[in-house]
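Report on the structure
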Amino acid sequence: MKLHEYQAKQLFDRVGIPVPFGVVARTPEEAGRCYETVRKQRLGGEGFVCNVKAQLHAGGRGKVGGVVAVRSAADAATAAAGLLGRRLVTKQTGAEGLPVSAVLVDERSTLARELYLALTIDRFHAQPMILASARGGMDIEDVAATAPSAIVRTPIEIAIGVSDAACAEIARQFQLTGEHPAICARVIRAMWEVFQAHDASLIEINPLGITTDNRLLAVDAKVTLDDNALFRHPELAALRDESQEHPLELKASQIGISYVGLDGNIGCLVNGAGLAMATNDIIKLSGGNPANFLDVGGGANVEQVTNAFAIILADTRVKAVLVNIFGGIMRCDWIAEGLLKATQQLEVKVPIVVRLQGTNVEEGRRLLTTAQRLNLISVNELADAARKAVELATA
Amino acid sequence: MSILVDKSTRVIVQGITGQAGAFHTEKMLEYGTHIVGGVTPGKGGTQVQGVPVFNTVRDAVRATRANATISFVPARFAYDATLEAIEAALPLIVIITEGIPTLDMVRIRQRIEGQPIRIIGPNCPGLITPGACKVGIMPGYIHRPGSIGLLSRSGTLTYDAVYQLTQVGLGQSTCIGIGGDPVLGSSFVHLLDLFERDPQTEAIVLIGEIGGTEEEEAATFINARVKKPVFAFVAGKMAPKEKRMGHAGAIIAGGKGTADEKFAVLRAAGVTIIESPALIGRTVLARLRPAHPAPSPAR
């Protein structure tokens, strides 16, 4: 689960990570008032500069007008009006973009330097690790690609925590002076505290700015939480913003189906994530385009198959459906019965190509064939099934 | 020979009284696995499928001399259940459970560091040595004893791969689903070494997926240490670039992670690439038994 910048900064503030003073607004009028609040809090005069920052679950907004500098309450309201209710497309959102329903109004500081600091899990070594680079800012991914050694990885021993030596090394790499090494160490330790306390999978501060008046500030903040651990953090569930999730994907996830919309016209219904990806692959290899990734889950019963069909067909671009089920414990004859009931109930009009394999496959195929549904075609081999689906979708 | 499990494996089932635990206990017994006991706190003294249930792993191991465990314990209790198995010094711990918090797995991995304990999973189908021992939830009948070692990150795609191998007449030494979670008990790398040393295993099939660096690490290892023929399919070639947050993922992967990149590094390590998920069995057969072309599939 992803948090918005303003939510992440609230968590930061609680553990003493310095963040720019800011207030969240959901209407242009509110944004105007927030500007005044921030200005007064920071003892700013006429023309005090604030940022109005679109809140969305993706990075890259700075490059597409998602952060606007303003110098008055009226400007703030205008900027907010331009962002709120819009969908913002960045290089991390996909083509549809994400809706903006809140903006963060905060003090804009002039930055002398931009650093990068993140905490995540090194999956392979099964260790949390700190990522640090003196070359933070909007182009950090380019740095990663062209000068990977400019990003230093420091593992954290989970039983021990962040060591003094690790903090000192990062401060040295950041070329920090004066008070800053100590503040930076506090920031790293506080990040680790947030990471553990909330079961995060990612905490990223980019940039960690050094202002021209020599303050160290978390200018932007990204936090992603481990969905598997949400059961032990009921208080965090309230931070979920469902508007940032694809409506069909959200609906599917609520009933235990994993669905991702793609841009083709062949709907896919598969059991198992790996097989579902492989099914998408083979459709492409056969010259077609999948409309979705869909993993119906382990217990592919009638109800679940019906639900899955409803989700697939909610996408009106779908011209044909490819069902690819490997029956293990879930027998193919049960699946066939489920398919027949589900497609009848939903009065499915598009052709459905079914490839069943595994337990009781003969009986499953027999059921499909004897039902004599014109639009239900049973094909034994995966490659043939994919070709058939592509043919039907392009017909 | 085979790896990790064979006729001498004595298995306890953690979470045996739950729905999944009881169901798969029955299936494993049917396959001939020696299920010697089960564990559910508070249910000690009862039986499931004629298998004695104990309150703790320690009691179960003491009474049954078990040397492996398979766990169906729900995610929120899985950490404690796994620690119990570690403390009882069981050398093989198979975790089927899905949805375990990542930091719990990090703590578990640190806990077994340097100990002779192998964890498979979590969120995996388990492992099977065909004809000898099944410690998992896969349909047993699709397997045949033979010489192909199979390692996979998937569930049903693994079954499909096994099915294809069996169809073309290639049996398996041991098949292992390593699981789909970010942090796993065992990686491809750890298990490739076991297959390389196993005299029964003639060749190894890897079924990978996009994301993470399992396949890249495997490629490095294969290049340096594996002499046996290795085949690989990586699912997700056509998946769109993930919608994401922040940069850390891209930075860690450092340009790795897509199916094309994984195929490229595997190919460079001398691995035979399987181009289509429908060609797993036939690709392996064509390379290993060039004199025996695959029967063309029934239409």
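Summary of the structure given here. (Residues numbered from 1 in each chain as written. Chains lettered and ligands numbered in written order. Predicted model: local features only at pLDDT ≥ 70, side-chain atom pairs only at ≥ 80, totals over all residues. Heavy atoms only, no water.)

Residues and elements named next belong to chain A. Here the second largest pocket is characterised by a volume of approximately 640 Å³. If you trace the second largest pocket, you find 28 residues lining it, with Gly62, Val67, Glu114, Met138 and Pro207 closest to the centre. Contributions of two or more residues to the lining of the second largest pocket are made by strand E2 (50-54), strand E6 (103-107), strand E7 (111-122) and strand E10 (200-211). (1 Å grid on protein atoms, 1.4 Å probe; cavity = no way out; pocket = protein on both sides within 12 Å on 5 of 7 lines; lining within 4 Å. Points joined across faces, edges and corners; volume = space filled by probe spheres on them. Helix = DSSP H or I, 4+ residues; strand = E, 2+ residues; numbered from the N terminus.)

Residues and elements named next belong to chain A. Packing of helix H11 (residues 332-345) against helix H12 (residues 361-370) leaves a shortest axis separation of 7 Å and a crossing angle of 20°. In terms of axis orientation, H11 runs roughly parallel to H12. As H11 runs across H12, the sense of the crossing is right-handed. Two secondary-structure elements touch here, H11 through Cys332, Asp333, Ala336, Glu337, Leu339 and Leu340 and H12 through Val361, Glu363, Gly364, Leu367 and Leu368. Per-class residue counts for the contact of H11 with H12 are seven nonpolar, one polar and three charged. (Axes fitted to C-alpha atoms, helices over the stretch in contact; angles between N-to-C directions. Parallel < 35°, antiparallel > 145°, perpendicular 65-115°, else oblique. Left-handed = near helix turned anticlockwise from the far one by under 90°. Contact = heavy atoms within 4.5 Å. Nonpolar A, V, L, I, M, F, W, Y, C, P; charged D, E, K, R; others polar.)

At the interface, 59 residues of chain B touch 66 residues of chain A. Both faces considered, chain B and chain A share a buried interface measuring about 5300 Å² in area, 62% of it formed by carbon and sulfur atoms. Here arginine 232 of chain A ties to aspartate 104 of chain B by a salt bridge, and the two come within 2.9 Å at their closest N and O atoms. Counting the contacts that link chain B with chain A gives twelve residue pairs in polar contact (both at pLDDT 80 or more). Of all the secondary-structure elements, those providing two or more residues to the side of chain B that touches chain A are helix H1 (19-31), helix H4 (102-112), helix H5 (156-167), helix H7 (214-225), strand E13 (230-235) and helix H8 (248-253) of chain B. For the side of chain B that touches chain A, the element with the highest residue contribution is H4 of chain B, accounting for seven residues. (Buried area = accessible area lost by both parts, 1.4 Å probe. Salt bridge = Lys/Arg side-chain N within 4 Å of Asp/Glu carboxyl O. Polar contact = N/O pair within 3.5 Å; in protein donor to acceptor, adjacent residues only side chain to side chain.)

Residues and elements named next belong to chain A. Spanning 18 residues, helix H6 (residues 180-197) covers 25 Å between terminal C-alpha atoms, matching the ideal 26 Å at 1.5 Å per step. Residues of H6 that are buried: His180, Cys184, Ala185, Val187, Ile188, Ala190, Met191, Trp192, Val194 and Phe195. Note on H6: the residue one or two positions beyond its end, aspartate 199, has a positive phi of about 50°. (Expected span 1.5 Å × (residues − 1). Buried < 20%, exposed > 50% of the residue type's maximum accessible area, 1.4 Å probe, protein only.)

It is worth spelling out the packing of aromatic side chains at this point. All chains considered together, the criterion is met by four aromatic pairs over all chains. Ring centres of tryptophan 192 of chain A and phenylalanine 195 of chain A lie 5.9 Å apart, and the angle between their planes is 25°; this geometry places the pair in the stacked category. Taken as a pair, tryptophan 192 of chain A and phenylalanine 195 of chain A lie in helix H6 at a separation of three residues, close to a single helical turn. On the accessibility criterion, phenylalanine 195 of chain A (0% relative accessible area) is buried. Geometrically, the ring pair formed by phenylalanine 326 of chain A and tyrosine 163 of chain B is edge-to-face, given 5.7 Å between the ring centres and 75° between the ring planes. Residue phenylalanine 326 of chain A is found in strand E16 (residues 320-327), and its partner tyrosine 163 of chain B is found in helix H5; the two belong to separate chains. When sorted by exposure, phenylalanine 326 of chain A lands in the same class as tyrosine 163 of chain B, which is buried. Through a chain of ring-to-ring contacts, the aromatic side chains of Phe326 of chain A together with Tyr159 and Tyr163 of chain B assemble into a single cluster. (Phe/Tyr/Trp six-rings, centres within 6.5 Å; stacked < 30°, edge-to-face > 60°.)

Omega for the peptide link from asparagine 206 of chain A to proline 207 of chain A comes to 5°, which places this bond in the cis form. Tracing the sequence through the fold places proline 207 of chain A in strand E10. Cis rather than trans, the peptide bond between glycine 121 of chain B and proline 122 of chain B has omega equal to 10°. Turning to its location among the elements, proline 122 of chain B is positioned in the loop between strand E7 (118-120) and strand E8 (126-129). The backbone of glutamine 372 of chain A sits at a positive phi, close to 50°, despite the residue not being glycine. On the basis of relative accessible area, glutamine 372 of chain A is assigned to the exposed category, the value being 69%.

Bringing the pairing of strand E8 (residues 127-133) of chain A into the picture now. All names here are of chain A. Most of E8 is tucked away: seven of the seven residues are buried. Alternating residues of E8 divide into Gln127, Met129, Leu131 and Ser133 and Pro128, Ile130 and Ala132, and every residue in both groups is buried. Of the pairings in the sheet, the one linking E7 to E8 comprises seven bridges and is antiparallel in character. Residue pairing for E8: leucine 119 is matched across the bridge by isoleucine 130. The antiparallel hairpin formed by E7 and E8 contains four residues in its connecting segment, where alanine 126 sits at a positive phi of about 55°. Where E8 lies against strand E9 (residues 151-155), five bridges are found, and the strand directions are antiparallel. Looking at the pairing, methionine 129 lines up with proline 155 of E9. (Pairing = 2+ DSSP bridges.)

Once that is clear, we can look at helix H10 (residues 280-288) of chain B. Here H10 of chain B has its buried residues at Ile280, Gly281, Thr283, Val284, Leu285 and Leu288 of chain B. For H10 of chain B, the secondary structure elements touched by its buried residues are strand E10 (145-152), H5, strand E12 (203-209), E13 and strand E14 (272-273) of chain B.

The seven strands lie next to each other as E9-E8-E11-E10-E12-E13-E14 (chain B), forming an open sheet whose pairing is mixed. Each edge of the sheet is formed by a strand with only one pairing partner; in this case those strands are strand E9 (133-136) and E14 of chain B. Bridging between E12 of chain B and E13 of chain B involves six bridges; their strand directions are parallel. Residue pairing in the sheet places valine 205 of chain B in a bridge with phenylalanine 231 of chain B of E13 of chain B. Contacting E12 and E13 of chain B, helix H9 (residues 273-285) of chain A crosses the sheet at an angle of about 85° to E13 of chain B. H7 of chain B rests against E12 and E13 of chain B of the sheet, and its axis sits at about 155° to E12 of chain B.

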